[in-house]
Amino acid sequence: DAKTTQPNSMESNEEEPVHLPCNHSTISGTDYIHWYRQLPSQGPEYVIHGLTSNVNNRMASLAIAEDRKSSTLILHRATLRDAAVYYCILANSKLTFGKGITLSVRP
Amino acid sequence: DTGVSQNPRHKITKRGQNVTFRCDPISEHNRLYWYRQTLGQGPEFLTYFQNEAQLEKSRLLSDRFSAERPKGSFSTLEIQRTEQGDSAMYLCASSLPLGRRSGNTIYFGEGSWLTVV
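The model shown is predicted, which means the values in this text are computed figures rather than measured ones.

Procedures and definitions
- Residues numbered from 1 in each chain as written.
- Chains lettered and ligands numbered in written order.
- Predicted model: local features only at pLDDT ≥ 70, side-chain atom pairs only at ≥ 80, totals over all residues.
- Heavy atoms only, no water.
- Disulfide = S-S within 2.5 Å.
- Helix = DSSP H or I, 4+ residues; strand = E, 2+ residues; numbered from the N terminus.
- Contact = heavy atoms within 4.5 Å.
- Buried area = accessible area lost by both parts, 1.4 Å probe.
- Salt bridge = Lys/Arg side-chain N within 4 Å of Asp/Glu carboxyl O.
- Polar contact = N/O pair within 3.5 Å; in protein donor to acceptor, adjacent residues only side chain to side chain.
- Nonpolar A, V, L, I, M, F, W, Y, C, P; charged D, E, K, R; others polar.
- Pairing = 2+ DSSP bridges.
- Buried < 20%, exposed > 50% of the residue type's maximum accessible area, 1.4 Å probe, protein only.
- Phe/Tyr/Trp six-rings, centres within 6.5 Å; stacked < 30°, edge-to-face > 60°.
- Lys NZ or Arg CZ within 6 Å of the ring centre and 35° of its normal.

All names here are of chain A. One pass over the structure, following the stated rule, counts two disulfides over all chains. Between the sulfur atoms of Cys22 and its disulfide partner Cys88 the distance amounts to 2.1 Å. Its S-S torsion of approximately -85 degrees makes the covalent link between Cys22 and Cys88 left-handed. With Cys22 in strand β2 (residues 18-23) and Cys88 in strand β8 (residues 84-91), this pair connects stretches of sequence that are 66 residues apart.

Rendered as structure tokens:
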């Protein structure tokens, strides 16, 4: 399975934008880029996904590099409830999780 | 609630005992996945089904682990002769087949916590 690389952690201030980076240099043409997040003691929750074009939904935006070797999850205005572990995943038949990035949000 | 349902949510068992977890997926989803997660780690893939067929099994799924989905609806994950290293959260998820034409979202349950003492 193609691998993703994320920083271990990131801090943000409440109501400020957050950019969570992900590198996936071995991505194949059929891999979708997925982001999930996980709050403590809960199952992972879908955030957003994309293939080639940038994507927006009510939760976040996903910016995908032109060569698809990296992507960035953008939370436009972080709230305290956004504090979680965020996983960047390359998906084909299943999701293969890494360790994710732990986002802390300061009030 | 029409989400993925897992039972029991918590299970404490003595080493050597057998345990079984049940997962009820979202009704129209034909794919069902099992993952295991330990503290500080991301979920690790165990196996997945499309309808009743088990399409892939991880090397993590030792002989003591067996998963079934007999009628293509609910699934069970059984762990025989439990060991302390089996203590983890077992996550079930369901989806339509991943791909451009179908849904691309996998929905997870809340997990079943296993503690082996």
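Turning our attention to the interface of chain B and chain A. Interfaces are often described in size by the accessible area the parts lose on coming together. Taken together, the 22 residues of chain B in the interface contact 20 residues of chain A. Taking both partners together, chain B and chain A bury about 1,700 Å²; carbon and sulfur atoms supply 53% of that area. Applying the counting criterion to the chain B and chain A interface returns zero salt bridges. Summed over the shared surface of chain B and chain A, the result is four residue pairs in polar contact (both at pLDDT 80 or more). Counting residues per element, the ones that place at least two in the side of chain B that touches chain A are β4 (31-37), β5 (44-50) and β9 (88-95) of chain B. Looking at the side of chain B that touches chain A, the element that brings in the most residues is β4(B), giving four residues. Across the side of chain B that touches chain A, the residue classes break down as 11 nonpolar, seven polar and four charged.

Here we take up the environment of A:Thr102. With respect to the secondary-structure elements, A:Thr102 resides in strand β9 (residues 101-106). Placed 48 residues apart in sequence, A:Thr102 and A:Asn54 show a C-alpha to C-alpha distance of 23 Å.

We now examine the pairing of strand β6 (residues 61-64) of chain A. Residues and elements named next belong to chain A. Sheet topology places strand β5 (residues 55-56) next to β6; two bridges connect them, and they run antiparallel. Paired with Val55 across the strands is Leu62, a residue of β6. If you look at the hairpin formed by β5 and β6, you'll find four residues sitting between the two strands. Pairing of β6 with strand β7 (residues 70-75) involves four bridges; the strand directions are antiparallel. Looking at β7, one finds that Ile64 is bridged to Ser71. What sits between the antiparallel neighbours β6 and β7 is a turn of five residues, in which Arg68 has the positive phi angle 65 degrees.

This brings us to the pattern of salt bridges. Residue and element names in this part refer to chain A. Counted by the stated rule, this structure contains eight salt bridges over all chains. The partner of Glu45 in a salt bridge is Arg37, and the shortest N-O contact between them spans 3.0 Å. Owing to a relative accessible area of 12%, Arg37 belongs among the buried residues under this scheme. Through salt bridges that share partners, Arg37, Glu45 and Asp82 make up one connected network.

Each aromatic ring pair is characterised by the separation of its centres together with the angle its planes make. Per the counting criterion, the structure on display carries 12 aromatic pairs over all chains. When the ring of A:Tyr36 is compared with that of A:Phe97, the centres are 6.3 Å apart and the planes differ by 70 degrees; the resulting orientation is edge-to-face. Of this pair, A:Tyr36 sits in strand β3 (residues 32-38) while A:Phe97 is found in the loop between β8 and β9, placing the two residues 61 residues apart along the sequence. You can call A:Tyr36 buried: its relative accessible area is 0%. Relative accessible area serves as the criterion here: at 10%, A:Phe97 is assigned to the buried category. Taken together, a centroid distance of 5.6 Å and an interplanar angle of 90 degrees make the contact between A:Phe97 and B:Tyr35 edge-to-face. With one member in each of two chains, A:Phe97 in the loop between β8 and β9 and B:Tyr35 in strand β4 form a pair that bridges those chains. Among the aromatic residues, those joined into a cluster by ring pairs are A:Tyr36, A:Tyr46, A:Tyr87, A:Phe97, B:Tyr33, B:Tyr35, B:Phe45, B:Tyr48 and B:Phe108. It is B:Arg22 that lies over the ring of B:Phe74; its NZ or CZ is 3.9 Å from the centre.

Geometric values such as these leave the question of function open.
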